[in-house]
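# Results of the structural survey
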Amino acid sequence: MTEWLGLPALAAVYGGQIDSLIGWTHIFMFVLFVGWGGFFTYCLVRFHRSRNPVADYKGVTSHTSTYLEGGVAIVEAILLLGFSIPIWAAKVDHRPPDSEALVVEVTGEQFAWNVHYAGPDGQFGHTDINKIDLQSNPLGLDHSDPAAKDDVTTVNQLYLPVNKPIIVKLRSKDVIHSFGVPEFRVKQDAVPGFTIPIHFIPNVTTAEMRTRTGNPEFQYEIACAQLCGLGHYRMRGFVTVQTAEEFTKWLEEKSKEQSAPDPFK
């Protein structure tokens, strides 16, 4: 269905159901467009002045339009109750337990995405607003906290393992941003003062997608889908989906690199 809809290549579990809903909505809207267009044309001909030179105060007695409107309402109810609400209930409201997923904190700011991993110990270190440094510590990670010793932070680079549930906890430091990765069929606003979780399961590695698309430079892109200021156009992040082994190796290496003492201090 993604082909005729012109959607980006699908790279996440459950995305097919979202595509199906989008497809059925397009089909219904096309039928509705043709139907109402035909009805409008019929009315132009049927009630043209040349056919009705004298006003008829009795009007139309047929209930055809009422039946048509009722049919439209039924189809809309089917789309809402049969597709949208079940998908929302099953795939949005019921996220996997943190213990069964990779939990990543992503914080938007003008104009970058700050990514925070708990590290090999699985515990997020404490953050302190007073320790924020836009260049060296944009999240204010408290390095004196034992849980923060192996934490990993990146800017505009989100690494994920394939075929594993991912929970992204979204935050914002300033204005409303919007985290969107079209291939995963996810998009969610990051609102100041709130932590908003979203979840998905990526099932196509970056390397595999490059092969599928024939584009050796392909990258999953995090697009800010909310106008967030003059630099909105350059607020781009990138997602690299790896095998489980590659991701574990990357996380361990990054953790050792960032926990090592700075020789220049």
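Thresholds, definitions, all that
- Residues numbered from 1 in each chain as written.
- Predicted model: local features only at pLDDT ≥ 70, side-chain atom pairs only at ≥ 80, totals over all residues.
- Heavy atoms only, no water.
- Helix = DSSP H or I, 4+ residues; strand = E, 2+ residues; numbered from the N terminus.
- Rg over C-alpha atoms; globule rule 2.2 N^0.38 Å.
- Buried < 20%, exposed > 50% of the residue type's maximum accessible area, 1.4 Å probe, protein only.
- Contact = heavy atoms within 4.5 Å.
- Areas by Shrake-Rupley, 256 points an atom, 1.4 Å probe, with all protein chains shown as cover.
- Lys, Arg positive; Asp, Glu negative; His and termini not counted.
- Charge placed at Lys NZ, Arg CZ, Asp CG, Glu CD.
- Pairing = 2+ DSSP bridges.
- Polar contact = N/O pair within 3.5 Å; in protein donor to acceptor, adjacent residues only side chain to side chain.
- Phe/Tyr/Trp six-rings, centres within 6.5 Å; stacked < 30°, edge-to-face > 60°.
- Patch = residues over 30% accessible without salt bridge, like charges linked within 9 Å, V, L, I, M, F, W, Y side chains within 5 Å.
- Salt bridge = Lys/Arg side-chain N within 4 Å of Asp/Glu carboxyl O.
- Expected span 1.5 Å × (residues − 1).
- Axes fitted to C-alpha atoms, helices over the stretch in contact; angles between N-to-C directions.

Bringing the overall build of the protein into the picture now. Looking only at helices and strands, the protein features five helices and ten strands. Relative to the globule expectation of 18 Å for 265 residues, the C-alpha radius of gyration of the protein, 26 Å, shows a markedly less compact shape. Dimensions of the protein, computed from C-alpha atoms along their principal axes, come out at roughly 95 × 40 × 35 Å. In the protein, which comprises 265 residues, the proportion classed as buried is 35%. Long-range pairs, those at least 24 residues apart, make up 67% of the contacts in the protein with a sequence separation of at least 6. Accessible surface, the protein as shown: approximately 16200 Å² in total, 59% of it carbon and sulfur. Taken together, the 22 basic and 29 acidic charged side chains of the protein have centroids lying 8 Å from each other.

Our focus in this paragraph is the pairing of strand β5 (residues 166-172). When you tally the buried positions in β5, you get five out of seven residues, the bulk of the element. Taken together, the five bridges between β5 and strand β8 (residues 196-200) define a ladder with antiparallel strand orientation. If you follow leucine 170 over to β8, its bridge partner there is isoleucine 196.

Tracing the backbone shows glutamate 100 in the loop between α3 (64-93) and β1 (102-109). Residues in contact with glutamate 100, not counting those within four places in the same chain, are Lys164 and Pro165.

With that settled, the discussion passes to the environment of tyrosine 117. Along the polypeptide, tyrosine 117 turns up in strand β2 (residues 112-117). Linking tyrosine 117 and aspartate 142, residues 25 residues apart in sequence, is a C-alpha distance of 14 Å. Discounting chain neighbours no more than four positions away, the residues touching tyrosine 117 are Val104, Phe124, Asp151, Val152, Thr154, Gln157, Leu158, Tyr159, Phe247, Trp250 and Leu251. A distance of 2.6 Å separates a polar side-chain atom of tyrosine 117 from the backbone nitrogen of tyrosine 159.

Attention now goes to the packing of aromatic side chains. Evaluated as defined, the whole model comprises nine aromatic pairs. The interplanar angle of 50 degrees and the centroid separation of 6.1 Å between the aromatic rings of tyrosine 117 and phenylalanine 247 together place this pair among those described as tilted. On the criterion of sequence distance, the pair formed by tyrosine 117 in strand β2 and phenylalanine 247 in helix α5 (residues 244-259) is long-range, its members being 130 residues apart. A residue is classified by how much of its surface remains accessible, and tyrosine 117, at 1% relative accessible area, is buried. With relative accessibility at 7%, the residue phenylalanine 247 sits in the buried group. The rings of Tyr117, Tyr159, Phe247 and Trp250 are connected pair by pair, giving a single aromatic cluster.

Our next topic: a nonpolar patch on the surface. Residues Trp4, Trp24, Ile27, Phe30, Val31, Phe33 and Val34 make up a contiguous nonpolar surface patch of about 800 Å² in total accessible area. You can see phenylalanine 33 is positioned in helix α2 (residues 15-46).

Glancing now at α2. A rise of 1.5 Å per residue sets the reference length of α2, with its 32 residues, at 46 Å; its end C-alpha atoms lie 46 Å apart and thus fit the reference within 8%. Those residues of α2 not exposed but buried are Gly15, Asp19, Leu21, Gly23, Phe28 and Leu32.

Bringing the sheet that holds β2 into the picture now. Pairing is mixed in the open sheet, where five strands are placed in the order β3-β2-β1-β5-β8. Sheet topology places β3 (152-155) and β8 at the edges, where each strand pairs with a single neighbour. Each strand of the sheet is rotated relative to its neighbour by a mean of 25 degrees, with strand direction disregarded. Contacting β1, β2 and β3, α5 runs over the sheet at an angle of about 95 degrees to β3.

So, on to the sheet that holds strand β7 (residues 186-190). Strands pair in a sheet through their backbones, by hydrogen bonds, and they do so in one of two ways: parallel or antiparallel. In space, the five strands of this open sheet follow the order β4-β10-β9-β6-β7, with mixed pairing throughout. The open sheet is flanked by β4 (157-161) and β7, the only strands paired with a single partner. On average, each strand axis in the sheet is inclined to that of its neighbour by 25 degrees, with strand direction left out of account. Pairing analysis gives two bridges linking strand β6 (residues 177-181) to strand β9 (residues 220-224), with the strands arranged antiparallel. Residue pairing across strands places phenylalanine 179 opposite cysteine 224, the latter belonging to β9. Across the sheet, α5 is in contact with β4 and β10 (236-242); its angle to β4 comes to roughly 135 degrees.

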